[in-house]
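Take a look at the letters that make up each chain.
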Amino acid sequence: MSILQEFMNTTGFVSMTWGNLIMILIGIVFIFLAIKKDYEPLLLVPIGMGAIVGNIPTVPGMALSVYDDGSVLQYLYFGVSHGIYPPLIFLGIGAMTDFSTMLSNPRLVLLGAAAQVGVFLTFLGALGLGFSPEEAGAIGIIGGADGPTSIFLSSKLAPKLLGPIAIAAYSYMALVPVIQPPIMKLLTSRDERLIRMKPPRKVSTREKMIFPVAAFLICTMIAPGAIVLLGMMFFGNLLKESLVTERLAATARTAMIDIVTVLLGFCVGASTQADTFLTKQSLLIFGLGALSFAVATAGGVLFAKFMNLFLTDKINPLVGAAGVSAVPDSARVVQMVGQQEDPHNFLLMHAMAPNVAGVIGSAVAAGVLWAVLS
Amino acid sequence: MILAAVFDASRMFKGEGIAIAGTGLLIVFAALVLITLFIAALPRILEAVAIVLPEVPDRHAAADASESLLPDDAVLAAIGFVLHSELQKQIDTAGKMS
């Protein structure tokens, strides 16, 4: 009888807290949204299941959670806490990215830089809210709209905030179709939304081969902190464009990125234990995250309008909204909003240029913040 | 509401917050402006190095083109049928002649 009593005390029912229940519910909501609404299912299903797993109360003395020394989950979480998974994801992203649209219209690259205003204004906002400079840097990068970059930087600058930052980054990425359109419409006139852009020129194979090496050298000479992320991304792209390593590129953009996404999503979810996640700081991070996405979108759109003051071939300012990386969701949103005004205006290809430039921009921003704040 | 309640703008100036933000944005712009300039100059650079680095035929495009030239199964079956019929006719004719 005493053994049964002892066993009963180790069950989850005894040590379950309200916080754990709320987090399990949030995990279920994530899975529901992924399955029913098709919101970023590749991310929300692993994160949601991870949140459920991470919030089952553990038995004292048994190494079970991601925070327990020697637990299996801690070994898997090692890739998150030491920033190993994000560069591997960048390798896969590089192997699936086509820089042709960017190479055919280089002025659109600047929109990817303008959208990074969201990162640095959020950094200032976080400082104003009382976060330390390191924490503010990690929170600011949410504005880069790039999940792996957010995880990478927070693992380096503010590991304690990794859970809320990762969840905020991925949640808002899933909400790009909700957050961006009102801001885009608010900041542009109908005439601007109707602007048609010239079709992109054909890019030669040599250009695509040279670009990853040259762009890596340019970016990392300026911001060496971006070596890891950009090195892996441009390496992946070189595998694709070199035409002689197609097998490696195919593995990087399929099996490898899928495996890492599963591990990353699940471990991030499992790290959201109620006692570390349900805090006032997390609420502030979610507030700042929403603000950063809005500011980044506005930054891109307004900079496109500013560029139009000097250009004869006008840019459709909606394209500026794709400067937040969130590939390819924000480019799709540009296409959708553009077609609401003119169903025959195809902006997707144009929007992909600032979109991939935004990935480079946010990695450079992360490199700068890491170098300055660590 | 929560954000407004705990926000203190003076904290942004402590620890060179404004300077870090300004410099950071400047560095991001510098990197992407240089990339823009490089891309704009790339066609001219490629012209200059054309002897050392000639244009590589696009293998994907070549593969696509060669694939598109291949007839599909239905066409192959029709060609095979016509070929077989014609050969059969020739055999029959040759038989009659002999």
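Being a predicted model, the structure only gives us computed values, none of them experimental.

Regarding the overall build of chain B
- In terms of helices and strands, chain B carries 4 helices and 0 strands.
- Seen in sequence order, chain B has helices and strands lined up from the N terminus as α-α-α-α.
- Accessible surface, chain B as shown: approximately 7,200 Å² in total, 71% of it carbon and sulfur.

A few points about a nonpolar patch on the surface
- Taken together, the side chains of Ile-45, Val-49, Ile-51, Val-52 and Leu-53 of chain B define a hydrophobic patch exposed on the protein surface, amounting to about 490 Å² of accessible area.
- Among the structural elements, Val-52 of chain B can be located in the loop between helix 2 (17–48) and helix 3 (59–69).

Some details on the interface of chain A and chain B
- Each side of the interface is counted separately: chain A has 51 residues, and chain B has 38 residues.
- A buried area of about 3,800 Å², summed over both sides, lies between chain A and chain B, and 82% of it is on carbon and sulfur atoms.
- Its largest share of buried area at the contact with chain B, chain A owes to Leu-124, Arg-206 and Leu-243 of chain A, together 17% of the area lost on that side.
- Inspection of the chain A/chain B interface yields 0 salt bridges.
- Our count for the chain A to chain B interface comes out at 2 residue pairs in polar contact (both at pLDDT 80 or more).
- Those elements that provide at least two residues to the side of chain A that touches chain B are helix 7 (100–104), helix 8 (109–114), helix 9 (117–128), helix 15 (205–222), helix 19 (280–308) and helix 21 (348–373) of chain A.
- For the side of chain A that touches chain B, the element with the highest residue contribution is helix 15 of chain A, accounting for 11 residues.
- Within the side of chain A that touches chain B, the residues separate by chemical class into 36 nonpolar, 9 polar and 6 charged.

Here's the deal with the packing of aromatic side chains
All names here are of chain A.
- Applying the stated rule across the entire model yields 11 aromatic pairs over all chains.
- Relative to Trp-370, the ring of Phe-152 has its centre 5.4 Å away and its plane inclined at 90°; by these criteria the two rings are edge-to-face. Placement of Phe-152 in helix 11 (residues 147–157) and of Trp-370 in helix 21 is noted, with a sequence separation of 218 residues between them.
- A connected cluster of aromatic rings, assembled from ring pairs, spans Tyr-172, Phe-277, Phe-286 and Phe-293.

Thoughts on helix 13 (residues 176–187) of chain A
Residues and elements named next belong to chain A.
- In this model helix 13 runs 17 Å from its N-terminal to its C-terminal C-alpha over 12 residues, within 8% of the 16 Å that 1.5 Å per residue would give.
- Residues of helix 13 that are buried: Val-176, Ile-179, Gln-180, Pro-181, Ile-183 and Met-184.
- On the buried face of helix 13, the contacting elements are helix 12 (162–174), helix 19 and helix 20 (329–341).

Some words on the side chain of Ser-100 of chain A
Residue and element names in this part refer to chain A.
- Within the element layout of this structure, Ser-100 appears in helix 7.
- For Ser-100, a relative accessible area of 16% puts it in the buried group.
- Other than its neighbours up to four places away in sequence, Ser-100 contacts Val-203 and Lys-208.

Some remarks on the packing of helix 4 (residues 41–54) of chain A against helix 17 (residues 246–270) of chain A
All names here are of chain A.
- For the pair helix 4 and helix 17, interaxial distance at closest approach is 6 Å and the crossing angle is 40°. Here helix 4 lies oblique to helix 17, going by the angle between them. The handedness of the crossing between helix 4 and helix 17 comes out as right-handed. Here Leu-42, Leu-43, Pro-46, Ile-47, Met-49, Gly-50, Ala-51, Val-53 and Gly-54 of helix 4 come into contact with helix 17, specifically with Thr-261, Val-262, Gly-265, Phe-266, Gly-269 and Ala-270.
- Looking at the contact of helix 4 with helix 17 residue by residue, the classes come out as 10 nonpolar, 5 polar and no charged.

With respect to the pattern of salt bridges
Residue and element names in this part refer to chain A.
- One pass over the full model with this rule turns up 9 salt bridges over all chains.
- Where Asp-342 meets Arg-196, a salt bridge forms, and the shortest distance between an N and an O atom there is 2.9 Å. Of this pair, Asp-342 sits in the loop between helix 20 and helix 21 while Arg-196 is found in the loop between helix 14 (190–193) and helix 15, placing the two residues 146 residues apart along the sequence.
- A salt bridge links Glu-207 to Arg-201; the nearest nitrogen and oxygen atoms lie 2.7 Å apart.
- Several salt bridges share partner residues, and in doing so they unite Arg-190, Arg-193 and Glu-341 into one network.

A short note on the nonpolar core
- Core analysis: the largest hydrophobic core is formed by 123 residues, its most contacted members being Met-102 and Ile-360 of chain A together with Ile-35 of chain B.
- With 14 residues, the top contributor of residues to this core is helix 21 of chain A.
- Met-102 of chain A has contacts with Val-109, Phe-211, Ala-353, Val-356, Ala-357 and Ile-360 of chain A together with Ile-35 and Ile-39 of chain B, leaving out every residue within four places of it along the chain.
- Counting 5 residues, the second-largest nonpolar core is a separate cluster that includes Leu-91, Leu-239, Ala-249 and Ala-252 of chain A.

Points about the packing of helix 6 (residues 85–96) of chain A against helix 16 (residues 227–241) of chain A
Residues and elements named next belong to chain A.
- Remark: helix 6 packs on helix 16, axes separated minimally by 6 Å, with the N-to-C direction vectors making an angle of 30°. As judged from the angle between their axes, helix 6 and helix 16 are roughly parallel. Crossing geometry of helix 6 relative to helix 16 is assigned as right-handed. Where helix 6 approaches helix 16, its residues Pro-86, Pro-87, Leu-88, Phe-90, Leu-91, Gly-94 and Ala-95 are matched on the opposing element by Val-228, Leu-229, Met-232, Met-233, Phe-235, Gly-236, Asn-237 and Lys-240.
- Tallied by class, the residues present in the contact of helix 6 with helix 16 amount to 11 nonpolar, 3 polar and 1 charged.

What to know about helix 15 of chain A
- The end-to-end C-alpha separation of helix 15 of chain A is 27 Å, in line with the 26 Å expected for 18 residues at 1.5 Å each.
- Among all positions in helix 15 of chain A, only Thr-205, Arg-206, Glu-207, Lys-208, Phe-211, Pro-212, Ala-214, Ala-215, Ile-218, Cys-219 and Thr-220 of chain A are buried.
- Each element contacted by the buried residues of helix 15 of chain A is listed here: helix 7, helix 16 and helix 21 of chain A together with helix 2 of chain B.

Some thoughts on the environment of Leu-110 of chain A
- Along the polypeptide, Leu-110 of chain A turns up in helix 8.
- Measuring from C-alpha to C-alpha, the distance between Leu-110 of chain A and Phe-303 of chain A comes to 8.4 Å, with 193 residues separating the pair along the chain.
- Residues contacting Leu-110 of chain A, with those up to four places away along its chain left out, are Phe-303 and Met-307 of chain A together with Phe-29, Leu-32, Val-33 and Thr-36 of chain B.

Cut-offs and rules
The numbers attached to residues start from 1 for each chain and follow its sequence in the written order. Going through the entries in the order they are written, you letter the chains from A and number the ligands from 1. Note on the predicted model: pLDDT of at least 70 is required for a residue's local features to be given, and 80 or more for side-chain atom pairs to be given and counted; whole-chain, interface and lining totals, by contrast, use all residues. To get the side-chain values, all heavy atoms of the structure are used, and hydrogens and water are removed first. Each helix corresponds to a stretch of at least 4 residues labelled H or I by DSSP, and each strand to a stretch of at least 2 residues labelled E; elements are numbered beginning at the N terminus. Computed by Shrake-Rupley with a 1.4 Å probe, the accessible areas treat only the displayed protein chains as cover when residues are assessed. A patch consists of residues exposed above 30% relative accessible area that lack any salt bridge, with like charges linked at up to 9 Å and nonpolar side chains (Val, Leu, Ile, Met, Phe, Trp, Tyr) linked at up to 5 Å. Salt bridges, as used here, are contacts in which a Lys or Arg side-chain nitrogen is within 4 Å of a carboxyl oxygen on Asp or Glu. Any two residues whose heavy atoms approach within 4.5 Å at even a single point are treated as in contact. When two parts are put together, the accessible area they lose, computed with a 1.4 Å probe and summed over both, is reported as buried area. Throughout this description, a polar contact denotes any pair of N or O atoms lying within 3.5 Å of each other; where both atoms belong to protein, one of them has to be capable of donating a hydrogen while the other can accept it, and for residues adjacent in sequence the pair is counted only when both atoms sit in side chains. We call Asp, Glu, Lys and Arg charged. Ala, Val, Leu, Ile, Met, Phe, Trp, Tyr, Cys and Pro are nonpolar, and the rest, Gly among them, are polar. Note on ring pairs: Phe, Tyr and Trp rings are taken, using the six-membered ring of Trp, and paired if centres are within 6.5 Å. Classes follow the plane angle, with under 30 degrees stacked, over 60 edge-to-face and the rest tilted. Multiplying 1.5 Å by the residue count of a helix minus one yields the expected span of that helix. Only protein chains enter the accessibility calculation, which uses a 1.4 Å probe; a residue whose area is less than 20% of its type maximum is buried, one above 50% is exposed, and one in between is partly exposed. Lines fitted to C-alpha atoms define the axes, with helix axes restricted to the stretch in contact, and inter-axis angles between N-to-C directions lie between 0 and 180 degrees. In what follows, roughly perpendicular refers to angles from 65 to 115 degrees, roughly parallel to angles under 35, roughly antiparallel to angles over 145, and oblique to any angle outside these ranges. Handedness of a crossing follows from how the near helix is turned relative to the far one, being left-handed for an anticlockwise turn of less than a right angle and right-handed for a clockwise one. What we call a nonpolar core is a set of buried Ala, Val, Leu, Ile, Met, Phe, Trp, Tyr and Cys residues that are connected through their side-chain atoms within 4.5 Å.

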